[in-house]
Amino acid sequence: MGMVLVSGALAQEEDEGISIEYSDADLAAVDKIKEAGALVLEVAQNDNRLNVAFHLTTAEVGNEQVSLVKDLPFIVSLNLRGTQVNDEGAALLAGMSGLERLHLEKTGVTDAALNHLTGLENLKYLNVYGTEVTDAAIDTIAGIKGLEKVYIWQTKITIDGVAKLKEKRPELKIIPDLVVEKAKAEAEAVRKAEEEKKKAEEEAAKKKAEEEAAAKKAAEEAAAKKAAEEAAAKKAEEEKKE
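Read on for a plain summary of the structure.

What counts and what doesn't
- Each chain has its residues counted from 1, following the order in which its sequence is written.
- Residue-level local features of this predicted model are given only where pLDDT is at least 70; pairs of side-chain atoms are given and counted only at 80 or more, and the full residue set underlies all totals for whole chains, interfaces and linings.
- As a rule here, side-chain values cover all heavy atoms of the structure and leave hydrogens and water aside.
- A run of H or I in DSSP becomes a helix once it reaches four residues, and a run of E becomes a strand once it reaches two; helices and strands are each numbered from the N terminus.
- Only protein chains enter the area calculation, which uses a 1.4 Å probe; residues under 20% of their type maximum are buried, those over 50% are exposed, and those in between are partly exposed.
- For this analysis, residues touch if any pair of their heavy atoms sits within 4.5 Å.
- We get accessible surface area from the Shrake-Rupley algorithm with a probe of 1.4 Å; when it comes to residues, only the shown protein chains can shield them.
- Remark: nonpolar core denotes a set of buried residues (Ala, Val, Leu, Ile, Met, Phe, Trp, Tyr, Cys) joined through side-chain atoms within 4.5 Å.
- Ring pairs are drawn from Phe, Tyr and Trp, using the six-membered ring of Trp, whenever the two centres fall within 6.5 Å, and their geometry is named by plane angle: stacked under 30 degrees, edge-to-face over 60, tilted for the rest.
- What goes into a patch is any residue over 30% in relative accessible area without a salt bridge, connected to like charges within 9 Å or, for nonpolar side chains (Val, Leu, Ile, Met, Phe, Trp, Tyr), within 5 Å.
- Only one rule defines a salt bridge in this text: a Lys or Arg side-chain nitrogen within 4 Å of an Asp or Glu carboxyl oxygen.

## Observations concerning the overall build of the protein chain
- Counting its regular elements, the protein chain contains seven helices and ten strands.
- Per-residue burial over the protein chain gives 34% buried out of 242 residues.
- Taking all contacts inside the protein chain whose residues are at least 6 apart in sequence as the whole, residues at least 24 apart take part in 47%.
- Of the accessible surface of the protein chain, which amounts to about 14600 Å², a share of 51% is contributed by carbon and sulfur atoms.

And the structure:
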C-alpha cells in the first residue's frame, strides 16, 4: 500500500484498487466538468479515479469545455468523440498525466494535435478515427511510449505510414492494420482466382465428358441404325429371291 500527492489529490494505492482523496479544488473542478455536460463516472468500485465522456451531451463541446480537464491527473479516460475540439484543444491535454484512454475520433484534430500527447506516459489507447491525421504523424504516434492500441480508420494515414509505424513499434496494435489487410486481400484474391480456375477446369472437363458421351451415343445410334438398315435390306433381298 502506498500514497502519493498529485496536484492536490491524495492517491492511496491498495492491493484491491486505488482510492483518491479529492481536495475541495478537485471536487469543484469535477462539478464544472459535469455542468459542461460531461458524463463523469468512477473507473470501478475499487478505483475512484474518473472516466469523463463529452460525446453523449447534446450541448456543443469545444476547446473551452476541454480546458476544464486541463492538468487533472485523476482522469483515466477522456471521450471527445464528435466534438469541436481541434489542435488548440488537444494542447490542453498535455498535462493530464493519469490519462490512459483518449477518444479524439471525428474531431477537428490534425497531425499537430498529437505532438501534445507524447508526454502522456500512461496513455495506452488512442482513437483518431475520422480525422485529418496523416503519415506525417507516424513518428509522433511512435513516440507515445506507453501506447498499446491506436485506431486510424478513415484517417489520411496510408499503408506506407502503417508499415513505418509497425517497423518503429512492432508491438503496437494498429486498427485497421492496412499492411495485414492488404496481405489478406491479396491472399483472398489468389484464393478466389484459384477457385475460379478450378471451377472453370471442372466445367470444361464436364463439358468435354458430355460432348464425348453425346458423340459416343450418336455413334452407337448411327451404328444401330446402319445395322438395322442392313438387316432390313438383307431380309428384303431374301424375300425377293423366294
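The structure having been displayed, the exposition proceeds.
## Some thoughts on the nonpolar core
- Ranked by size, the top nonpolar core spans 47 residues in total, and within it Phe54, Leu78 and Leu126 carry the most contacts.
- Looking at this core, the elements that each hand over two or more residues are helix H1 (24–35), strand S5 (47–53), strand S6 (75–79), helix H4 (111–114), helix H5 (138–142) and helix H6 (159–168).
- Once residues within four sequence positions are removed from consideration, Phe54 is found in contact with Ile33, Ala36, Ala38, Val61, Gln65, Val69, Leu78, Asn79, Leu80 and Thr83.

## With respect to the packing of aromatic side chains
- As enumerated under the stated definition, the model contains three aromatic pairs in all.
- Seen from their ring centres, Tyr22 and Phe74 are 4.8 Å apart, and the 90 degrees between their planes marks the pair as edge-to-face. Placement of Tyr22 in the loop between strand S3 (17–21) and H1 and of Phe74 in the loop between helix H2 (63–66) and S6 is noted, with a sequence separation of 52 residues between them.
- Centre to centre, the rings of Tyr129 and Trp153 are 4.9 Å apart; their planes meet at 20 degrees, and the pair counts as stacked.

## Brief notes about a nonpolar patch on the surface
- Taken together, the side chains of Leu39, Leu41 and Leu56 make up a nonpolar region of the molecular surface, amounting to roughly 290 Å² of accessible area.
- On the secondary structure map, Leu56 appears in the loop between S5 and H2.

## Some words on the pattern of salt bridges
- For the structure shown, the criterion picks out eight salt bridges.
- One salt bridge connects Lys70 with Asp71, and the closest N-O pair in it is separated by 3.0 Å.
- Looking at Asp71, the relative accessible area reads 36%, which means it is partly exposed.
- Residues Lys168 and Asp139 are paired through a salt bridge, measuring 3.4 Å at the closest nitrogen-oxygen approach. Here the residue Lys168 occupies a position in helix H6, and Asp139 occupies one in helix H5, the gap between them amounting to 29 residues.
- Residue class for Lys168 comes out partly exposed when judged on its relative accessible area of 44%.
- In the salt-bridge network here, residues are joined through shared partners; they are Asp47, Arg49 and Glu100.

## So, the environment of Gln45
- Within the secondary structure, Gln45 sits in the loop between strand S4 (39–44) and S5.
- For Gln45, a relative accessible area of 87% corresponds to the exposed category.
- Each C-alpha atom, one on Gln45 and one on Ser19, is 9.8 Å from the other, the two residues being 26 residues apart in sequence.

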